[in-house]
2 protein chains.
Amino acid sequence: MRSDNPWKLLSSKTVYQNPWIRVREDSVIHPSGKEGIYGVIESKDSVIVAALNEKNEVYLIRSFSYPAQIWHWELPGGGSDGEEIRLASKRELEEETGIIAETWDEIGTTRVSDGLMTEKMITLVARDLSIGSKIAKEDENHIDGGKFVSLKEVSRMVTAGEINEGQTITALYLLEHWLQKD
Amino acid sequence: MRSDNPWKLLSSKTVYQNPWIRVREDSVIHPSGKEGIYGVIESKDSVIVAALNEKNEVYLIRSFSYPAQIWHWELPGGGSDGEEIRLASKRELEEETGIIAETWDEIGTTRVSDGLMTEKMITLVARDLSIGSKIAKEDENHIDGGKFVSLKEVSRMVTAGEINEGQTITALYLLEHWLQKD
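Residues numbered from 1 in each chain as written. Chains lettered and ligands numbered in written order. Predicted model: local features only at pLDDT ≥ 70, side-chain atom pairs only at ≥ 80, totals over all residues. Heavy atoms only, no water.

**A look at the relation of the copies chain B and chain A**
Part 1: The transform that puts chain B on chain A rotates by 180 degrees and translates by 0.0 Å along the axis, for an RMSD of 0.0 Å. The symmetry that links the two subunits is that of a two-fold axis.
Part 2: Residue by residue, 100% of the interface of chain B is reproduced at the interface of chain A, so both copies engage with the same surface. (Least-squares fit on C-alpha atoms with pLDDT ≥ 70 in both. Contact = heavy atoms within 4.5 Å.)

**Focus: the sheet that holds strand β5 (residues 58-65) of chain B**
Residues and elements named next belong to chain B.
Part 1: If you walk across this open sheet you meet the 3 strands as β6-β5-β10, and the pairing is antiparallel. Either end of the sheet is taken by a strand with one partner, and the two such strands are β6 (70-74) and β10 (143-149). On average, each strand axis in the sheet is inclined to that of its neighbour by 20 degrees, with strand direction left out of account.
Part 2: Bridge count for β5 against β6 is 5 bridges, and the pairing is antiparallel. Bridge pairing in β6 links R62 to W73.
Part 3: Across the sheet, helix α2 (residues 151-159) touches β5, β6 and β10, and the angle it forms with β10 is around 130 degrees. (Pairing = 2+ DSSP bridges. Helix = DSSP H or I, 4+ residues; strand = E, 2+ residues; numbered from the N terminus. Axes fitted to C-alpha atoms, helices over the stretch in contact; angles between N-to-C directions.)

**Some thoughts on the environment of Q17 of chain A**
Residue and element names in this part refer to chain A.
Part 1: Of note, Q17 is situated in strand β1 (residues 8-17).
Part 2: Given a relative accessible area of 52%, Q17 falls into the exposed group.
Part 3: For the pair Q17 and E42, spaced 25 residues apart in the sequence, the C-alpha separation amounts to 9.3 Å. (Buried < 20%, exposed > 50% of the residue type's maximum accessible area, 1.4 Å probe, protein only.)

**Observations concerning the sheet that holds strand β8 (residues 99-111) of chain B**
Think of a sheet as strands paired side by side through backbone hydrogen bonds, with each pair either parallel or antiparallel.
Residue and element names in this part refer to chain B.
Part 1: Here 4 strands make up an open sheet; going across it, the order is β7-β4-β9-β8 and the pairing mixed. Whereas interior strands pair on both sides, the edge strands pair on one side only; in this sheet they are β7 (77-79) and β8. The average undirected angle you get between the axes of adjacent strands in this sheet is 20 degrees.
Part 2: With 6 bridges connecting them, strand β4 (residues 46-51) and strand β9 (residues 120-131) associate as parallel partners. Along β9, the bridge assignment pairs V49 with L124.
Part 3: Where helix α1 (residues 85-97) meets the sheet, it contacts β4, β7, β8 and β9, and its direction lies at approximately 120 degrees from that of β8.

**Observations concerning the environment of W7 of chain A**
Part 1: Take W7 of chain A: it is sitting in the segment before β1.
Part 2: Separated by 161 residues in sequence, W7 of chain A and T168 of chain A place their C-alpha atoms 31 Å apart.

**Examining the side chain of E119 of chain A**
Part 1: Summarising the element assignment, E119 of chain A is placed in the loop between β8 (99-111) and β9 (120-131).
Part 2: The buried charged residue E119 of chain A lacks any salt bridge partner; its closest oppositely charged side chain belongs to K44 of chain A, at an N-O distance of 10 Å.
Part 3: Each residue touching E119 of chain A, except ones within four places of it in the same chain, is listed here: S43, K44, D45, S46, T110, R111, V112 and Q167 of chain A together with L116 of chain B. (Lys, Arg positive; Asp, Glu negative; His and termini not counted. Salt bridge = Lys/Arg side-chain N within 4 Å of Asp/Glu carboxyl O.)

**Notes on the interface of chain B and chain A**
Part 1: Listed as interface residues are 68 residues of chain B and, on the opposing side, 68 residues of chain A.
Part 2: Buried area between chain B and chain A, both sides added, is near 5900 Å², and the carbon and sulfur share of it is 58%.
Part 3: The largest share of the area that chain B buries against chain A comes from Y66, R111 and Y173 of chain B, three residues that together contribute 15% of it.
Part 4: Where chain B touches chain A, the interface holds 0 salt bridges.
Part 5: Here chain B and chain A share 31 residue pairs in polar contact (both at pLDDT 80 or more) between them.
Part 6: Within the residue set of the side of chain B that touches chain A, elements represented by two or more residues are β1 (8-17), β2 (21-29), β3 (35-43), β5, β6, β8, α2 and α3 (166-181) of chain B.
Part 7: Of the residues belonging to the side of chain B that touches chain A, the class tally is 31 nonpolar, 22 polar and 15 charged. (Buried area = accessible area lost by both parts, 1.4 Å probe. Polar contact = N/O pair within 3.5 Å; in protein donor to acceptor, adjacent residues only side chain to side chain. Nonpolar A, V, L, I, M, F, W, Y, C, P; charged D, E, K, R; others polar.)

Structure below.
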């Protein structure tokens, strides 16, 4: 632990594990001096892809979130499976949308949840797009649609709750500010 | 489960629980037809507050993320503890910053993590600010600074990685688009 860390770690144990997450419970001394526990979720780092066409429209997919039990619109992405980032991003984009991109830019690394998770998410912009030969069906996600949408329409969809998931909205913030710099 | 749900739930069990989170493991049939498991993290819904002064600068706090083991800048907020949203928001804002706000607007409900968590986050804008009499020290967070920052400087801080956490960045997207509508 780093020297400016206001917490002290006493011990740590794994309390649950599956192929995607490990949950550990740390015994800690709080910044206040009190003893207690902290449950932390460890999961693979992930990638999320903003695929932009010539009109700067971004490609959204409609998928089902199992934890939330709802259909919603989001940017394609997923766990990086320990692959090199650009390779993982290309795979996720082609599997979920059938799109192949020539030009890739990494525009930010963020954390998904401040208080509970270790997961980092890398946002990439994909440009110079073409349509690949096939869309691989994934076991994990059910995707039933996809479309290019202007950033103005994206903003309307966020306000209307049609896009409602923080990983996608975080990537949209990064995308808008990256485009403003161009 | 809803009728357009492409997953089938076979059974569900709690595999870990502490006062803040419950981890459950569902036995499921994937959209593909295969049998498998899905680990889901349940946690309290949370609030996050963008406190704006007359210059539309937003108040950031510097705090330590235990899961990430880093200091970073973020918007104040936290678990809603089952309280009514506005009450929870007022409490979090005053505890973490000492600021009291007269005017409150709820500007969006989002989900923190698409694939793993059930947590919903409500973003509020707080205006007509004054400084309260005290800052309560919290056990859970260690906060060592706070400041009002322009949205342009916020964008620079995100690009530089000084703000790097998705819940804050999600709220910033909502805030910018809400201000553009005003």
